[in-house]
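Remarks on the overall topology
Below, each chain spelled out in residue letters.
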Amino acid sequence: MSTNTASESDSGPVFEYDDRPIWSRVVDDPGPAMRWLAVAGALIAVELGAFIGAILTVLDAAFIGVTALFDVLFGLVGLGGLATGVVNFQSSVSGAITGVRDAAESLPTLLSRETIPNQGHMTGPDGPWVDTFLGLEPALAWAIRVLLIVAYSLFAFYWLFQGWLVFRDNYRQADWTPSDDVVDRLRGHRWGQFGIFVLALFLIMALFGPALGPTTVAGNIQSPYSNEIQHFDEEAGEVVTITAGAANFDSKSKGAGDQNVGPMTYDKFERFHPFGTLPNGRDLFTFMMGGARITLIVAGIAIGLSSLIAGSLAMVSAYYTGVVDLSILTTADGIVSVPRLLLLIMISAVFANHWIANVLDGGFLLALIFGFTGWPFLWRAVRGPALQVAQEEWVDAAESFGQGSRTIMRKHMFPYITGYLLVYASMSTGGIIVGLAALSFLGNGLGITPPTPAWGRAVSLGQTYVAGPSWHISFIPGAMIVVLVTGLNALGDGIRDAIDPESQSDEGEEAAAGGGA
Amino acid sequence: MNKSLYILKRLGLGIPVVLFGLTMSFLIMYLGPLDPVLAILGRDATSADIRQLRIALGYIQPDGTPMPVWRQYGETMLNLFTLEFGQSWIIQRGVPASEVIANRMPATLWLGFWSVVIALVFGIPLGLYAGLRSNTWGDYLASGGGIIWRAMPNFWLAVMIAGSLSAGGALSWYRGLGIETDVIGTPDAVGNLFTMVELFDGVPVLELLFLPIPDLRNMLIAFKWILPAALVLGSASMGNEIRIGRTAVLESINSKYVETAKAKGLSPRRIVVKHVGRNAIVPLLPVIMGEFYLLIGGSVLVESVFSINGLGNLFFRAILGPDIPVVMALVFIFVIIQVLMNILQDVLYTLIDPRITLGETQE
């Protein structure tokens, strides 16, 4: 934007406004930035491998998304050869990224299972434990690791926010912006903070999933027969080595009598199961951590995509109105007219054997479907605010200054509707998570491809055991979904109260989370 | 605007919406990577059979060239709009799709009826209660329950309830009451609810009076089959009703006309029913009408958990089949109902609140 004249005027409030680039302001007063950076650097250094891994995962997903779009485009215009080339290029680059990621994730980090191991065994009938952290029993070692990871991550989240405060107080161009009030109001909003806390917990699960579980998805769920464990065999009277798969076979939770490994118990092989085991003997906690990652990736891509579509279409329809608005309305109504879950089932069943269903274990296709079917709800919700802002005088003024329509939308309309977009996006993310779980629950080629963990599949696996001692298999995954969806709704409520403290609106549309699935 | 003219205009605007929804479904089902021919014929089909079937289904022309997409599309749309749904390919081969659907309709209608009743009977009063006694423990309990109720996935709730009611489950004590049937299975819509008391040499006396007599035991069993599934299906909208009912009551209870009514000396009951209730219904209306939408989507999951042989289950099996005529017929019915419900909602607005005029509610 152009230079500010307020500080030169004689009357009215005097605003501080510094026009230089941010680095020169930092150079002038490096103290606060250095102090913040020192702690941030220490936080990153102890977890370098995990950070690189997380960044590469996001990069991989983005790369696959872009190339998939190109592939579909080439396929549509009949350039089949080019499309195959894109697919080959995609799989080779994605493979390379995955390789680097695996290497990065194997770097020693402070909070990993290598530093604080919990997979040990007893040397005799009554201990002592070997190979565990400080010789503690596995449950304690695991609990210490989980507590440290959660404490570390929550502090890291807090430190990020602290960084924004440092920027705002010391280095920002403007003394005050409307977003400051929003943040300050959110700081006093307990219900909204509950939402942020829940979302942070689930993000931690997705980021630190491999380190949080008592065992790993690869070793316990995907290829259990190529992973060996040691345990003390009472009959043989010595420590024996067997594969995780063989141990899983004898740790099944199938309800009856001794065929149950419940929450917070050990199985016959001295392995600790915080959430118990699945009917196939695999660890439910590890399964849930793996499921958190794919769930949040899919929900994130999907909600990003539909917010993008909804936001741009809302601005276009509010700016041009008339025929443009009416045609978008018809398109949106047409998509909404087919109940969403039916549309989801339809598309995922039709594409079940297509190559795109292999990307991200089927998650990418689901993210696209959720994204392209979810925008009408968001669009309806932000069209009102967009219409309001389009009638403001500053938009007229910008037009009379000769600003182009795209500039007006980006600079004058977008900042106004962002808040509303955030509110409705956080609320409809709950619907996406429930829908994703519902598809995995239905199975039959829908949802996330086995053996990659998916929350809905755990519910479906435990369905027949709910009445017996193995109730945990279905109960825990569903309860986790309830907590996450409640948290997302709370976050939406919080942001709404923060951007517009006078609004009491609980309009029908926004109450969609969770419904229908 | 004149009411009938407005309805006609809305119906006209509904046509492109229906067309769009159906076109989308057509594109997915016919142009997506699906091959129903192999699913119908099975593994050991000869190429002659395949060719013959492709011609019969309208995928290729008799001379072997592929049927143009626009002709397939035109034919499909024409058939749907003239209610010629064709024959089922897989689920009940050769039976008209309309008959397949009609057979399963009663179970879903029965389920939908009860879930709407449950949602309305519990949801709205709880919402009004929470709003009228705001910031009391009762309010916190009702609105907190609504928030969690709303966040619960239908399919999970269904699994939990079905599990607790089955033998050995946490709620299985009801079996001591003499109703030992299971909750899993297709509920009987009306068939067994009534018995004819036969008197006078086999002439049912009530039939003479054209009145059926309810059979108590059968009724209990029938309710037990339907109520858990209906409760689950109605749960999402029930949570919404509590939440929105509460806000709506809070908004109207602090308004001037309620104070005026109080000053006039109206009884609290009359104020709540006449003034608060009526105005609280307006924001609730989209939620109530939206229930239909939730019912269709949710019925796929609830019917699959409770093994109810209804439309949701049929749709799921038809998609997996793939039994395209049945799928298209179901989508057609759902889309038409959806559009009609939207129009009905706007007309109902004007009946509840005369200040709302037709034509302005299109937003």
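Everything quoted here is computed from the prediction, not taken from an experiment.

Let's shift gears to a nonpolar patch on the surface. Residue and element names in this part refer to chain A. On the surface, I44, L48, F51, I52 and L107 cluster together into a nonpolar patch covering about 370 Å² of accessible area. No other element matches the 3 residues that helix 3 (residues 48-76) contributes to the nonpolar patch. Structurally, I44 is set in helix 2 (residues 31-46). Residue I44 is classed as partly exposed on the basis of its relative accessible area, which comes to 40%.

All right, on to the side chain of N248(A) then. Residue and element names in this part refer to chain A. With respect to the helices, strands and loops of the structure, N248 is situated in helix 9 (residues 244-249). Classification of N248 as buried rests on a relative accessible area of 2%. Polar contacts involving the side chain of N248 include one to the main-chain carbonyl oxygen of N220, which spans 3.3 Å. Residue contacts for N248: discarding those within four places in its chain leaves N220, P224, R271, N280, G281 and R282.

Now for a negative patch on the surface. Residues and elements named next belong to chain A. Taken together, E392, E393, D396 and E399 make up a surface patch of like negative charges. The topology assignment puts E393 in helix 14 (residues 393-400). What makes E393 exposed here is its relative accessible area of 67%.

Residues and elements named next belong to chain A. Applying the stated criterion across every chain, the model contains 28 aromatic pairs over all chains. Between F161 and W164, the aromatic rings sit 6.3 Å apart at their centres with planes inclined by 20 degrees, giving stacked as the arrangement. Remark: W164 and F161 occur in helix 5 (residues 138-171); sequence separation between them is 3 residues, near one turn of the helix. With relative accessibility at 25%, the residue W164 sits in the partly exposed group. Members of the aromatic cluster, each reached through a chain of ring pairs, are W129, W142, Y266, F272, F275 and F285. Its guanidinium or amino end placed over the ring of F249, K252 lies 4.0 Å from that ring's centre, counting from NZ or CZ.

All names here are of chain B. Averaged over every residue, the pLDDT of chain B is 81; residues scoring 70 or more account for 85%. Confidence drops under a pLDDT of 50 for residues 195-200, and excluding neighbours within four residues, the segment shows 13 contacts in the predicted structure. Across the interface, the model reports ipTM at 0.86; the global pTM reads 0.88.

Rules used throughout
Residues numbered from 1 in each chain as written. Chains lettered and ligands numbered in written order. Predicted model: local features only at pLDDT ≥ 70, side-chain atom pairs only at ≥ 80, totals over all residues. Heavy atoms only, no water. Patch = residues over 30% accessible without salt bridge, like charges linked within 9 Å, V, L, I, M, F, W, Y side chains within 5 Å. Areas by Shrake-Rupley, 256 points an atom, 1.4 Å probe, with all protein chains shown as cover. Salt bridge = Lys/Arg side-chain N within 4 Å of Asp/Glu carboxyl O. Helix = DSSP H or I, 4+ residues; strand = E, 2+ residues; numbered from the N terminus. Buried < 20%, exposed > 50% of the residue type's maximum accessible area, 1.4 Å probe, protein only. Polar contact = N/O pair within 3.5 Å; in protein donor to acceptor, adjacent residues only side chain to side chain. Contact = heavy atoms within 4.5 Å. Lys, Arg positive; Asp, Glu negative; His and termini not counted. Charge placed at Lys NZ, Arg CZ, Asp CG, Glu CD. Phe/Tyr/Trp six-rings, centres within 6.5 Å; stacked < 30°, edge-to-face > 60°. Lys NZ or Arg CZ within 6 Å of the ring centre and 35° of its normal. pLDDT = per-residue confidence, 0-100.

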